[in-house]
Amino acid sequence: MKQEYIFIGPPGSGKGTQTIMLSKETGFPHIDTGSLLREEIASGSEEGKIADSFISKGQLAPIELVAKIIKNRLNKNDCKNGFILDGYPRSTEQAEALDKILEELDGNNQVNFKAFYFDVSEDKLIERLVNRRSCSNCGAIFNLKTMNMKETDKCPKCGGNLIRRNDDTEDVAKKRFDTYFSQTAPLVDLYRNRGKLVRIDASLSIDEIHKNLTGAIKENVNS
Ligand SMILES: [Zn+2]
């Protein structure tokens, strides 16, 4: 049966890392909506040009346009056994658009659809963010706390200086997360009410999250 997975979770929840790992293991393509839009724009397609006319002005691309780009991508051959959709939908409006897309693509075929929710508290996310440093030389990202590093330490990979991004402050982060949670809470409820939500405890370590996630997927495939 075709496996259709969507991943919902705030920035810093580790969702991106997990989707990449899972995609490698399952062979299902990892479709990151942000990258997909950037690729579409770079390709110079008609949809890409229209999307660019909004995004370059700092506006959101229209919901129908994004839906069309997603549909084209999900219709490609590599998605025929399944896919992992990351960063879409982000609102109940987009969830309805996705319902329509999948209805059109799947017809009456049986599919296994699950929404994985990377659940982690705002406090934990902020703690991760304020401890995040990147290397000014090679760009590698580290967490001072989990790696037991000091502010003054050098990059373990290349010896470069560690820097903190200007927007990794508590105030900026709090605003970003408040917006995120108010948008996605109804989305999480929607999939929970449909019996399609799988909660993943994203406060755990990368390895633990991965173990729980692959366990849930196995269970899902066999059910
Ligand atoms: Zn480095």
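Before any of the text, the structure's been laid out above.
Now for a description of the structure that goes with this document. (Residues numbered from 1 in each chain as written. Predicted model: local features only at pLDDT ≥ 70, side-chain atom pairs only at ≥ 80, totals over all residues. Heavy atoms only, no water.)

## Topic: the sheet that holds strand 8 (residues 197–201)
What counts, and what does not: For two strands to pair, DSSP has to find at least two bridges joining them. Helix numbering and strand numbering both begin at the N terminus, where a helix is a DSSP run of H or I of at least 4 residues and a strand a DSSP run of E of at least 2. Axes, fitted as lines to C-alpha atoms, cover a helix only where it is in contact. Angles between the N-to-C directions of the axes lie from 0 to 180 degrees. Contact criterion: two residues are considered in contact whenever any of their non-hydrogen atoms come within 4.5 Å of each other.
Across the sheet, five strands lie side by side as 2-3-1-4-8; this open sheet has parallel pairing. The two strands at the open ends of the sheet, each matched to only one other strand, are strand 2 (30–32) and strand 8. Neighbour-to-neighbour, the strand axes of this sheet turn through a mean angle of 25 degrees, independent of strand direction. Sheet topology note: the strand 4 (residues 111–119)/strand 8 ladder contains five bridges and is parallel. Its bridge partner being in strand 8, Tyr117 is matched across the sheet by Arg199. Running at roughly 170 degrees to strand 3 (residues 82–86), helix 1 (residues 15–26) makes contact with strand 1 (2–8), strand 2, strand 3 and strand 4 of the sheet.

## Focus on unusual backbone geometry
With an omega of -5 degrees, the peptide bond running from Tyr88 to Pro89 counts as cis. When you line up the elements, Pro89 lands in the loop between strand 3 and helix 5 (92–106). In this model, Asn148 sits at a positive phi of 55 degrees, which is unusual for a non-glycine residue. For Asn148, the location among the structural elements is in the loop between strand 6 (141–143) and strand 7 (162–163).

## Structural notes on the pairing of strand 1
Cut-off, in case you're wondering: Accessibility here uses a 1.4 Å probe with only protein chains present; expressed as a share of the type maximum, an area under 20% marks a residue as buried, one over 50% as exposed, and anything in between as partly exposed.
The buried count for strand 1 comes to seven of seven residues, which makes it a mostly enclosed element. Residues of strand 1 alternate between two faces, with Lys2, Glu4, Ile6 and Ile8 on one and Gln3, Tyr5 and Phe7 on the opposite face, all of them buried. In terms of strand pairing, strand 1 meets strand 4 through seven bridges, oriented parallel. Along strand 4, the bridge assignment pairs Ile8 with Tyr117. Alignment of strand 1 against strand 3, held across five bridges, turns out to be parallel. Each bridged residue has a counterpart across the sheet, and for Phe7 the counterpart in strand 3 is Asp86.

## Overview of the coordination of the zinc ion
Note the cut-off: Because water is not among the atoms used, a metal site may look incomplete, as its donors are only the N, O and S atoms within 2.8 Å, or 3.2 Å for Na, K and Ca. Every angle between 85 and 135 degrees makes a four-donor site tetrahedral, while opposite donors more than 155 degrees apart, with all other angles between 65 and 115, make a four-donor site square planar and a six-donor site octahedral; other sites are irregular.
Bound to the zinc ion are the protein donor atoms Cys135 (SG), Cys138 (SG), Cys155 (SG) and Cys158 (SG), situated 2.3 Å from the metal. Considering all four donor atoms around the zinc ion, the spread of angles at the metal, 100 to 115 degrees, places the coordination shape in the tetrahedral class. As a motif over one chain, the donors of the zinc ion read C-x2-C-x16-C-x2-C. Linking Cys135 in strand 5 (residues 132–135) with Cys158 in the loop between strand 6 and strand 7, this pair joins segments that are 23 residues apart in sequence.

## Here we look at the pattern of salt bridges
Formally: Whenever Lys or Arg places a side-chain nitrogen within 4 Å of a carboxyl oxygen from Asp or Glu, that contact is recorded as a salt bridge.
According to the stated counting rule, one finds 13 salt bridges in the structure shown. Between Glu47 and Lys68 there is a salt bridge whose closest N-O contact spans 2.9 Å. A residue pair is termed long-range when its members are at least 10 positions apart, and Glu47 in helix 3 (residues 46–55) and Lys68 in helix 4 (residues 63–74) qualify at 21 residues. The partner of Asp78 in a salt bridge is Arg73, with the nearest N and O atoms 2.8 Å apart.

## Quick word on helix 3
Here is the rule we go by: Directions are taken from the helix axis to each C-beta atom, and the arc is the one they span.
Listed as buried for helix 3 are Glu47, Gly48 and Ala51. Viewed along the axis of helix 3, the buried residues span an arc of 95 degrees, placing them on a single side of the element. Every exposed residue of helix 3 that faces more than 90 degrees away from the buried side is listed here: Glu46 and Lys49. Check the buried side of helix 3 and you find it contacts helix 2 (33–43) and helix 4.

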